[in-house]
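Take a look at the letters that make up each chain.
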Amino acid sequence: MKGVYQHFRPEEREMLTLLNSKFEQASNNFYAVLTDFLNPREQKMIESLSGQYPDITVHYYGGGNKAERERLRAILLPEYFDYSFDDFEITVFEVSYPDKFVTLSHRNLLGAIMSIGVDRSVIGDIVNGEKIQFAVASPFKELFKTELTKIKNAPLKLTEIPHSEFIDAAVTMKPVTVLSSSYRLDSIVSLVLKEGRAKSKERVEKEKVKVNHSIVDEPSFIIETGDIISVRGFGRFTVTEQIAQTKKGKYRLEVMIVTDN
């Protein structure tokens, strides 16, 4: 585990320890172990940990087309174990509402879902395109049916649908190159959003910025290649690589801006 820890930040060790315990359960007790929905950073943790357990295979699924999903559940299998998609215990809902009178954004739906009181880890992808659909861990499906009945005073109806009907998220990605004097969070946010450093610093301090899906309120937080930065009201971007360091000591970074509905 020590070798794995060094590749992640200290604040991520709790999650690493939790995920490692899943591997230990599968390996020591010789049975399949299912995780909650994992964000991309947590999936990276799983991949790093899997190298410590050669007797365990890892498989992912998020409902529908796995290749298009961001949030996935992982199943950890001892050697010779088989699995089906039913083993991932995922329910996909389609949302019906009077769209002539109200418009629902991805943020509206996520806010309503979280108001039920469940943890984000039991919720998979939320797709707001031609239709509104989202995935949940099946043990919680009845809770959603009972509690998620209204958003913005509009009545909602949840209908379970086959996984094959779970549409792909409407995501666009735009590469941008920025020239930064440091890897500080406020510096990179200001360059990507094309705003003053002071404003970006204030965004971070007011807890409007997340790194790898966790709120960071320290402007001097150092960003690493591969980090996913979410800015409330803007969207997400990832620092994909450091292209070069200039003669003046600045960093030329490639950033992938992701926007979805």
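Residues numbered from 1 in each chain as written. Predicted model: local features only at pLDDT ≥ 70, side-chain atom pairs only at ≥ 80, totals over all residues. Heavy atoms only, no water.

Draft legend 1. View of the overall build of the protein chain. When its secondary structure is counted, the protein chain shows seven helices and 15 strands. Computed over C-alpha atoms, the radius of gyration of the protein chain comes to 20 Å, within 12% of the 18 Å expected from 2.2 N^0.38 for 261 residues, which places it in the range of a compact globule. Summarising its shape, the C-alpha atoms of the protein chain cover approximately 55 × 55 × 25 Å along the three principal directions. Split into buried and exposed, the 261 residues of the protein chain put 43% on the buried side. Considering only contacts within the protein chain whose residues lie at least 6 apart along the sequence, 60% involve residues at least 24 apart. When the accessible surface of the protein chain is split by element, carbon and sulfur atoms take 48% of a total near 13900 Å². Across the protein chain, the mean location of the 35 positive side-chain charges is 9 Å away from that of the 37 negative side-chain charges. (Helix = DSSP H or I, 4+ residues; strand = E, 2+ residues; numbered from the N terminus. Rg over C-alpha atoms; globule rule 2.2 N^0.38 Å. Buried < 20%, exposed > 50% of the residue type's maximum accessible area, 1.4 Å probe, protein only. Contact = heavy atoms within 4.5 Å. Areas by Shrake-Rupley, 256 points an atom, 1.4 Å probe, with all protein chains shown as cover. Lys, Arg positive; Asp, Glu negative; His and termini not counted. Charge placed at Lys NZ, Arg CZ, Asp CG, Glu CD.)

Draft legend 2. Region of the structure containing a negative patch on the surface. Together, Asp82, Asp86, Asp87 and Glu89 make up a negatively charged patch on the protein surface. Mapped onto the elements of the fold, Glu89 is located in the loop between strand 3 (72-78) and strand 4 (90-96). In this structure Glu89 comes out as partly exposed when scored by relative accessible area, which is 38%. (Patch = residues over 30% accessible without salt bridge, like charges linked within 9 Å, V, L, I, M, F, W, Y side chains within 5 Å. Salt bridge = Lys/Arg side-chain N within 4 Å of Asp/Glu carboxyl O.)

Draft legend 3. Quick peek at the nonpolar core. Judged by nonpolar contacts, the single largest core of 30 residues is most densely connected at Ile113, Phe134, Phe144 and Leu148. Secondary structure elements with two or more residues in this core: strand 3, strand 4, helix 4 (106-114), strand 5 (123-128), strand 6 (132-137) and strand 9 (157-161). It is strand 6 that contributes the most residues to this core, five residues altogether. Excluding residues within four positions of it along the chain, Phe144 makes contact with Phe93, Ile113, Ile116, Val118, Ile123, Phe134, Val136 and Leu158. (Core = buried A, V, L, I, M, F, W, Y, C linked by side-chain atoms within 4.5 Å.)

Draft legend 4. The sheet that holds strand 3, seen in detail. Strand order in this open sheet of three strands is 1-3-2, and the pairing throughout is antiparallel. The open sheet terminates on both sides in strands that have one partner only, identified here as strand 1 (33-38) and strand 2 (56-61). Mean inter-strand twist for the sheet, computed between neighbouring axes without regard to direction, equals 20°. The strands touched by helix 2 (residues 13-29) within the sheet are strand 1, strand 2 and strand 3, with strand 1 carrying the most contacts at an inclination of about 160°. (Pairing = 2+ DSSP bridges. Axes fitted to C-alpha atoms, helices over the stretch in contact; angles between N-to-C directions.)

Draft legend 5. The side chain of Glu94, seen in detail. With respect to the element layout, Glu94 can be found in strand 4. With no salt bridge to any partner, buried Glu94 finds its closest opposite charge in Lys131, at an N-O distance of 4.2 Å. Within the structure, Glu94 has its side chain in polar contact with the side chain of Gln133 (distance 2.8 Å). For Glu94, the contacting residues outside a window of four places in its chain are Lys131, Ile132, Gln133, Lys157, Leu158, Thr159 and Ile161. (Polar contact = N/O pair within 3.5 Å; in protein donor to acceptor, adjacent residues only side chain to side chain.)

Draft legend 6. A look at a nonpolar patch on the surface. Residues Phe30, Tyr31 and Phe81 make up a contiguous nonpolar surface patch of roughly 290 Å² in combined accessible area. Position of Phe30 relative to the elements: it lies in the loop between helix 2 and strand 1. For Phe30, a relative accessible area of 48% corresponds to the partly exposed category.

Draft legend 7. A look at a positive patch on the surface. A contiguous patch of positive charge, built from Arg107, Lys199, Lys208, Lys210 and Arg232, is present on the exposed surface. Among the structural elements, Lys199 can be located in helix 7 (residues 197-205). Lys199 sits in the partly exposed class, given a relative accessible area of 48%.

Draft legend 8. Expanded view of the environment of Ile167. You can see Ile167 is positioned in the loop between strand 9 and strand 10 (171-180). Expressed as a C-alpha distance, the spacing of Ile167 and Asp82, which sit 85 residues apart in the sequence, is 27 Å. If sequence neighbours within four positions are ignored, Ile167 has contacts with Arg69, Val127, Lys131 and Gln133.

Draft legend 9. Seen up close, the packing of helix 6 (residues 185-193) against helix 7. Two numbers describe how helix 6 lies on helix 7: the axes approach to 8 Å, and their chain directions differ by 120°. Here helix 7 runs oblique to helix 6, going by the angle between their axes. The hand of the helix 6/helix 7 crossing is right-handed. Here Leu185, Asp186, Ser187, Val189, Ser190 and Leu193 of helix 6 lie close against helix 7, whose contacting residues are Arg197, Ser200, Lys201, Arg203 and Val204. The residue inventory of the contact of helix 6 with helix 7, partitioned by class, reads four nonpolar, three polar and four charged. (Parallel < 35°, antiparallel > 145°, perpendicular 65-115°, else oblique. Left-handed = near helix turned anticlockwise from the far one by under 90°. Nonpolar A, V, L, I, M, F, W, Y, C, P; charged D, E, K, R; others polar.)

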